[in-house]
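This is what each chain is made of:
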Number of protein chains: 2
Amino acid sequence: MAKGPLLIIGGGEDKGEDSEILRRFVHLASSGGREARVGVVTTASSQGEAMFVAYARAFQRIGLNRVEALSVHHRSSAQDEAICRRLEGMSGVFFGGGDQLRITSMLGGSRFHQTLLNLNLEGLVVAGTSAGASMMSLVMIVEGDARQSPTKNTVKMATGMGLWTGAVIDQHFSQRGRIGRLLSAVAQNPDILGVGLDENTAIEVRLQEGHLQVWGQATVTIVDGRQIEETNASESEDNQPLALTGVILHVLPRGFGMDLNTRRPYSMGDTL
Amino acid sequence: MAKGPLLIIGGGEDKGEDSEILRRFVHLASSGGREARVGVVTTASSQGEAMFVAYARAFQRIGLNRVEALSVHHRSSAQDEAICRRLEGMSGVFFGGGDQLRITSMLGGSRFHQTLLNLNLEGLVVAGTSAGASMMSLVMIVEGDARQSPTKNTVKMATGMGLWTGAVIDQHFSQRGRIGRLLSAVAQNPDILGVGLDENTAIEVRLQEGHLQVWGQATVTIVDGRQIEETNASESEDNQPLALTGVILHVLPRGFGMDLNTRRPYSMGDTL
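Residues numbered from 1 in each chain as written. Chains lettered and ligands numbered in written order. Predicted model: local features only at pLDDT ≥ 70, side-chain atom pairs only at ≥ 80, totals over all residues. Heavy atoms only, no water.

Looking at the side chain of S134 of chain A
All names here are of chain A.
Consideration 1: Mapped onto the elements of the fold, S134 is located in helix α7 (residues 131-134).
Consideration 2: By relative accessible area, which is 0% here, S134 ends up buried.
Consideration 3: The residues touching S134, leaving out its near neighbours within four places in the chain, are Q100, M140, I141, I169 and Q171. (Helix = DSSP H or I, 4+ residues; strand = E, 2+ residues; numbered from the N terminus. Buried < 20%, exposed > 50% of the residue type's maximum accessible area, 1.4 Å probe, protein only. Contact = heavy atoms within 4.5 Å.)

Right, dumping it as structure tokens:
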């Protein structure tokens, strides 16, 4: 089977009647005629139960009844064989928001983590919002001063869950003024693609096919650093302002996609 | 004589012992061995007198004693012959912060405005901070939601004072999360160079020589839209998210400059 799509959401997704992004997730999780069966992982949150109830209601509102909580709030439960077997029964997994370090520190390297990666390689749809979006990449933004001039120190990184190794993801992007910390992250190694997701906005990433597509209300900011000509990222002291020249930036709303191999965005209208 | 340099400051410039940017202004205004004589225009502020006192003190602290208030708070005084003659005696003019529409609506098209433009063409140094920075360009950002996804509606434009016709300038840039409104402004006509100035950071613009140079503490964000491949700026409804592909972005700290003809940034170290 092919690697399953990732649906990466910038937080604050609509959970009402419209629910475009949640509907897209359910659509993906029920492709091939199967009935969607969705697990909600609330590990990032300290109020996991309330979060699960909210998502279960939102999914039921759009016609999905097979929703289960995958409650993993300790490393011991992440090693549990039973929860991995439950994961195997899902067609889609949804990671809620909170603190991305809770996800990685509780799940990272566990049986649950390995099962998730394996199942995704075989077609499992994995969605995540806010902290659940950040954890998708291998190098993960943990925190960083927003609304600051970019410095080396602007961003604190850690190891994410590695569902998408070629990108670094930030969320609540325009709303919290996070361009500086995304630029700092990309400057450290311009090979990585910087992705800034606004609230109620998502990308559907298909790594096997090599493209992404934008869904939702606002915009996705892509920071492509491969053409960077000059940077002081390695020389400058921590709090010195960063220098970066030749960054390529795209702002993509719904209806746009991007070829991940050439890094060229396109309007979906052009390709349909 | 050659067109005088513009010193455009993102607001919040240091007025203490260091005062790098104010010192640079005084240095420019005293070039050629003349003693600097500086006029402070507080038109943008509703507290002009207090602002003048603060700047007069700051300039005196760094050794400049010939500081005068150029108080223009009505259109009638902007038409006054006497104030224009006083302007002619200055080697530098400094525009303080406040509301850029106060500057343009009180000074725009007046004798004072025409005298300022003529004197700048003959060498007068013109500095401006915050609102005094915004007013430098011909198309001027008046307001716009910060920390919003860019839409056509994100930014409200007006006509600035036209000291630098090829740019659109935003200030308090990283601090207030204003990348979205600068991108919106550039998308409307990618010929214009977008310049986002952080606080306590300035550019010295030399239009005759065709370059700019960065001073101060943080960074200047340059948005070059000439290579934009796709945008929906003309089609999208006001509140729809903007699409923009192929923007080139530079983040420049002190020690960097940019060739305004080729739009290529460079490290000053490379050229010295």
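Side note on the interface of chain A and chain B
Consideration 1: Listed as interface residues are 36 residues of chain A and, on the opposing side, 36 residues of chain B.
Consideration 2: Approximately 2,700 Å² of surface area, both sides summed, lies buried where chain A meets chain B, with 58% of it carried by carbon and sulfur atoms.
Consideration 3: Summed over the shared surface of chain A and chain B, the number is two salt bridges.
Consideration 4: Here R264 of chain B makes a salt bridge to E229 of chain A, at a shortest N to O gap of 3.3 Å.
Consideration 5: Taken together, chain A and chain B are joined by 10 residue pairs in polar contact (both at pLDDT 80 or more).
Consideration 6: Of all the secondary structure elements, the ones that give two or more residues to the side of chain A that touches chain B are α8 (179-188), β14 (244-253) and β16 (264-267) of chain A.
Consideration 7: Of all the elements, β14 of chain A adds the most residues to the side of chain A that touches chain B, at 10 residues. (Buried area = accessible area lost by both parts, 1.4 Å probe. Salt bridge = Lys/Arg side-chain N within 4 Å of Asp/Glu carboxyl O. Polar contact = N/O pair within 3.5 Å; in protein donor to acceptor, adjacent residues only side chain to side chain.)

Structural notes on the sheet that holds strand β15 (residues 256-259) of chain B
Residues and elements named next belong to chain B.
Consideration 1: Pairing within the open sheet is mixed, and its nine strands lie in the order β3-β2-β4-β5-β1-β10-β11-β15-β16. In this open sheet, the two edge strands, each paired with only one partner strand, are β3 (67-69) and β16 (264-267). Averaged over neighbouring strand pairs, the angle between their axes works out to 20° when direction is ignored.
Consideration 2: Here strand β4 (residues 92-95) runs beside strand β5 (residues 125-129); their pairing, made up of four bridges, is parallel. What sits directly across from V93, in β5, is V126.
Consideration 3: Packing of helix α6 (residues 111-121) onto the sheet brings it into contact with β1 (6-9), β2 (38-41), β4 and β5, and relative to β4 it is tilted by some 130°. (Pairing = 2+ DSSP bridges. Axes fitted to C-alpha atoms, helices over the stretch in contact; angles between N-to-C directions.)

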